[in-house]
Amino acid sequence: MTHKRSAGLLLFRRTGGRPEEEGAGVEVLLGHMGGPLWAGREAGGWAIPKGEYGPEETPRNAARREFTEEIGLPPPEGEYLPLGEVRLTSGKLVSIWAVEADLDPELMVPGTFTMEWPPHSGNVQEFPELDRVSWFAPPLAEKMLIKSQVPFLERLLGLLGGLES
């Protein structure tokens, strides 16, 4: 059985915070998951922009394409830092790259998906993949991220700590 694969981009920017604080001086861009199932959920309702891809596409190219599909803006240029993979309990393998870039959340034009809502109503509605994006300092980002994606944040902070020393 072949498991699904997903890839995405974690944008980060430097903010000039005090270096003695964990993750200080950095913010990451997260997207709040769209649709009625996530509407009232803040903590644990945010994610790294990502999506599924097939065997004909490389993970890095898929990450760039998915960024555009979910955010509605071209993926940033710059050095792509591999944050590795995480296998979810569903079996899906998620690959994430970090890239340093600044992005104005107001410019986002989200991609959409359709689903039957309310369930069993026969009424199909369109919802944004991500209903908003925002910058978070690492301690808050860790609380907001869905748990399965927290390792990518930790890996980014470890990588940045190594780059700065």
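Chemist: Any chance you could explain unusual backbone geometry here in plain terms?
Modeler: Trans peptide bonds make up most of the peptide bonds, and negative phi angles are found at most residues other than glycine. In this structure, P118 follows W117 across a cis peptide bond, with omega equal to -10 degrees. In this fold, P118 is placed in the loop between β7 (112-116) and β8 (124-128). Even without being glycine, H120 reaches a positive phi, approximately 65 degrees. H120 sits in the exposed class, given a relative accessible area of 78%.

Chemist: So what exactly am I meant to see when it comes to the environment of W38 here?
Modeler: Structurally, the position occupied by W38 is in the loop between β2 (26-33) and β3 (46-47). When its relative accessible area of 23% is taken as the criterion, W38 is described as partly exposed. Along the chain, W38 and E57 lie 19 residues apart, while their C-alpha atoms are 29 Å from each other. Once residues within four sequence positions are removed from consideration, W38 is found in contact with H32, M33, G44, G45 and I146.

Chemist: I would appreciate a short explanation of the nonpolar core in the present structure.
Modeler: Looking at soluble globular proteins, one finds that nonpolar side chains tend to be buried together. L10, F12, V28, L30 and L156 are the most contacted members of the largest nonpolar core, which totals 23 residues. Looking at this core, the elements with two or more residues in it are β1 (5-14), β2, β5 (80-87), β6 (93-100), α2 (138-144) and α3 (150-164). Considering each element in turn, this core owes the most residues, 6 residues, to α3. Not counting chain neighbours up to four residues away, the residues in contact with L156 comprise L10, F12, V28, L83 and A98. One finds L9, Y53, I71 and A101 within the second-largest nonpolar core, a separate group that totals 22 residues.

Chemist: Could you clarify how one ought to interpret the environment of V124 in this entry?
Modeler: Within the secondary structure, V124 is located in strand β8. Measuring from C-alpha to C-alpha, the distance between V124 and T114 comes to 6.5 Å, with 10 residues separating the pair along the chain. Those residues in contact with V124 that lie beyond four places of it in its chain are T114, M115 and E116.

Chemist: Explain the pairing of β6 here, please?
Modeler: Strand residues, when the strand is regular, have side chains that alternate between the two faces of the sheet. β6 sits mainly inside the fold: 7 of its 8 residues count as buried. As paired strands, β1 and β6 are joined by 8 bridges and run parallel to one another. Across the sheet, the residue bridging to S6 is V94, located in β6. Examined bridge by bridge, β5 and β6 share 6 bridges and lie antiparallel to one another. Directly across from V86, in β6, lies its bridge partner V94. Hairpin connection, β5 to β6: the antiparallel pair is bridged by 5 residues, and G91 has positive phi, about 100 degrees.

Chemist: I tried to follow the pattern of salt bridges on my own but got confused; where do I start?
Modeler: Pairing between side chains of opposite charge can happen when their charged atoms approach one another. Per the stated rule, a full pass over the model turns up 11 salt bridges. The residue R65 makes a salt bridge to E57 at a minimum N-O spacing of 2.8 Å. Note on R65: relative accessible area 27%, which makes it partly exposed. Residues E69 and R65 are paired through a salt bridge, measuring 2.9 Å at the closest nitrogen-oxygen approach.

Scoring rules and cut-offs
Sequence order sets the numbering: in each chain, residues are counted from 1 along the sequence as written. Selection of residues for local features in this predicted model requires a pLDDT of at least 70, selection of side-chain atom pairs for listing and counting requires 80 or more, and totals for whole chains, interfaces and linings are taken over all residues. Side-chain numbers here rest on the full set of heavy atoms in the structure, without hydrogens or water. Per the convention used, a helix needs a DSSP run of H or I reaching at least four residues, while a strand needs a run of E reaching at least two, with both numbered from the N terminus. Each residue's exposure class comes from its accessible area (1.4 Å probe, protein chains only) as a fraction of the maximum for that residue type: buried when under 20%, exposed when over 50%, partly exposed otherwise. Here, residues are in contact when the closest pair of their heavy atoms is within 4.5 Å. Throughout this description, the term nonpolar core refers to a set of buried Ala, Val, Leu, Ile, Met, Phe, Trp, Tyr and Cys residues connected via side-chain atoms within 4.5 Å. Whether two strands pair comes down to DSSP finding at least two bridges between them. Salt bridges are identified by distance alone: a Lys or Arg side-chain nitrogen within 4 Å of an Asp or Glu carboxyl oxygen.

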